[in-house]
Amino acid sequence: MGLRQLVIDAWSWLNYKPVVAEAGRPGSRAFPELAKTWMPSHELRRLAAYKVLASYDNNQAGQLAAFGGDESALERRELGDAANLVDTALGYLLGSEQKVSVEGAEHADEQTPTPGAAEAAAVQKRLRAWADKELLTFRVQQAERAAVLLGDSVMVLAWNPDKQRPTLRVYDPGFFFPQWDDDADDDFPTRVHLAWELPADDDAGLKARVRRVTYELGPISEGDEEGLAGARTYPWEPGRASNVTCYLTDAEWLLEDLKNGETLDRLPMSKASFRLGADGTELNRLDLLIDFVPVVHIANTIPDGGEHWGRSVLARVLQALDELAATDSDGSAASATTGTPIIGLAGARLPVDRATGRPQELEVKAGAVWQLGETGRMDALDTSPQLAELRARVDHLLERIASNSRVTAAGLGTLDATEVPSGYALKLALGPLDALIGMMRLAREHKYRLLFKMVQRLYQAGRAEGWTAGETLPARLAWAPHTPTDRGAVLEEVVKAYGAGVLSLETAVTMLLEAGYPIKDASQEVERIRAKAQQEAEVRMAEAAARRGRDEDEEDQADDAGPGAGEERKSVKRESEREPVGSGR
């Protein structure tokens, strides 16, 4: 008997599942789509992990366990705890809103704007207009739910000449197959496949096939459109010639034409059927006129050294979710015997069925009357203590899940408000959640910066109106606070700091915006505040000038009346200033 194989990798937390831990092709027995010969063997554990996590999200973990031999798992009750955990973590990650922010744009409305601030504000305005047209908030939620649930998500950009803007699409991470070069030190793959299987369609006469979309960086072909031999100057790097471009290939293969060993990265090009673009161009190594792969992979967590994949928010608590479902099932069975108990009768006169002559089975229901003899006795099996114990265990498992997932009981909303003595205690209770969201947002920070850099460069490559050649400005996705903020405390802090001159008006307004005050745009709010302050200053200056004019007129009239009249008028004025108004005397 050979030794059992122990695998330790990014998906080791799923080794307790027989469908993933099986030798050969893991998950292929439970998921037939993973048994296809074109599937790369080194990707099967990742793809099987995605399938397992999706089953928990859809309350199908019991069906999955039945494939591993646990037939009783089919009766397991699943009440959406896994999906609730995912949606709760997603809600805290996204916050109330997300905005595109370009560095330096907030200084464009200052009295002395910093160099480049006006350009940054213009780019920010155009990026936000693109985000509205491409439904960026919707796309981000699509991508982030997949990342929180599965650990990974994929966004793909493409230039649309009809719309004259880049389009953004979200793909299932199970379709994403990056090709890493072991000898390269690059952080990003130079070749990426997006591949999935298309089922047969008998009505349309189509056979089962595999579609593969490939983005690949390679040297520029000789004699390009600029007439340069293997060199090109990109608008985002003026003055620098590059010999690298990105090629797009979109092709299909019939499954029946593929043989063993012809995996995804070895599909025979001689049997490929290439798709056509919107203009009729064959998508076979089409030059996209860019020097980057327009694919962004988002990981839910910061990958370990040497790894590229993220970890699901469910990863550490899957076994606890299994225990919770089993305990719920036991509790349901116990509640049935508690509500309708098992009753033992002794000395009872049972009614007889006239047709068969056999005693009829007694039914426990309201209003039932049973006749007992002199020595008759009725005993009921009390299972309420067991039911109470099971309910206590459910609460214990929920607390364990909240703690180990770092979403916390306060974050899940299961914490009793009477158990929180103060707001500071609540902040401490939310500490693990703050750390979790901070880590998740940090893992995405660079990827969204990369996304907006690609958007700008696609606009430049497409020669869109308003997008001139030059360096790409750094832009990021700004997240709203994930937990409620004490707005009164923030307002008091801002007023004191701004009044003392230790904060600028822009920083003060930004703090109020982040605290949840209904400010749509910080720069516009600053402009309105300054305009109102200038208007009030002009009114005060006009009033002061009017008072000075009246005083001068009075002095001139006094001088005309005689030398003593002016002094008398001043004396009367001083006496009237000392006299209390409305004194009644």
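All values derive from a computational prediction rather than experimental measurement. (Residues numbered from 1 in each chain as written. Predicted model: local features only at pLDDT ≥ 70, side-chain atom pairs only at ≥ 80, totals over all residues. Heavy atoms only, no water.)

**Student:** An account of helix α2 (residues 44-57) is needed here, citing residue identities and associated values.
**Tutor:** Under the 1.5 Å per step criterion, the end-to-end length of α2 is 20 Å for 14 residues, consistent within 8% with the ideal 20 Å. By the criterion of burial, α2 is predominantly enclosed, with 12 of the 14 residues buried. (Helix = DSSP H or I, 4+ residues; strand = E, 2+ residues; numbered from the N terminus. Expected span 1.5 Å × (residues − 1). Buried < 20%, exposed > 50% of the residue type's maximum accessible area, 1.4 Å probe, protein only.)

**Student:** Outline a nonpolar patch on the surface, listing residues and values.
**Tutor:** Among the surface-exposed residues, L345, L350, L372 and M378 lie close enough to one another that they form a single nonpolar patch of about 320 Å² accessible area. Judged by its relative accessible area of 36%, L372 is partly exposed. (Patch = residues over 30% accessible without salt bridge, like charges linked within 9 Å, V, L, I, M, F, W, Y side chains within 5 Å. Areas by Shrake-Rupley, 256 points an atom, 1.4 Å probe, with all protein chains shown as cover. Salt bridge = Lys/Arg side-chain N within 4 Å of Asp/Glu carboxyl O.)

**Student:** An account of the pairing of strand β3 (residues 165-171) is requested, with residue identities and associated values reported.
**Tutor:** Note that strand β2 (residues 152-160) and β3 share seven bridges and pair antiparallel. Its bridge partner being in β3, L157 is matched across the sheet by L168. Counted along the chain from β2 to the antiparallel partner β3, the turn is four residues long, and its residue Q164 has a positive phi close to 55 degrees. (Pairing = 2+ DSSP bridges.)

**Student:** Lay out the pattern of salt bridges with the relevant residues and their values.
**Tutor:** A complete count under the given rule lists 25 salt bridges for this structure. Of the charged contacts, one joins D250 and R211 as a salt bridge, the two residues approaching to 2.7 Å between their closest N and O atoms. Residue D250 is located in strand β9 (residues 244-254), and its partner R211 is located in strand β6 (residues 209-219); the two are separated by 39 residues in the primary sequence. Owing to a relative accessible area of 5%, D250 belongs among the buried residues under this scheme. Between D287 and R232 there is a salt bridge, and its shortest N-O distance comes to 2.8 Å. Of this pair, D287 sits in strand β11 (residues 286-287) while R232 sits in strand β7 (residues 232-233), and the two are 55 residues apart along the sequence. Classification of R232 by relative accessible area gives buried; the value is 2%. Each of E103, E445, R449 and R476 takes part in a single network of salt bridges with overlapping partners.

Function cannot be inferred from these measures alone, as they are strictly geometric.
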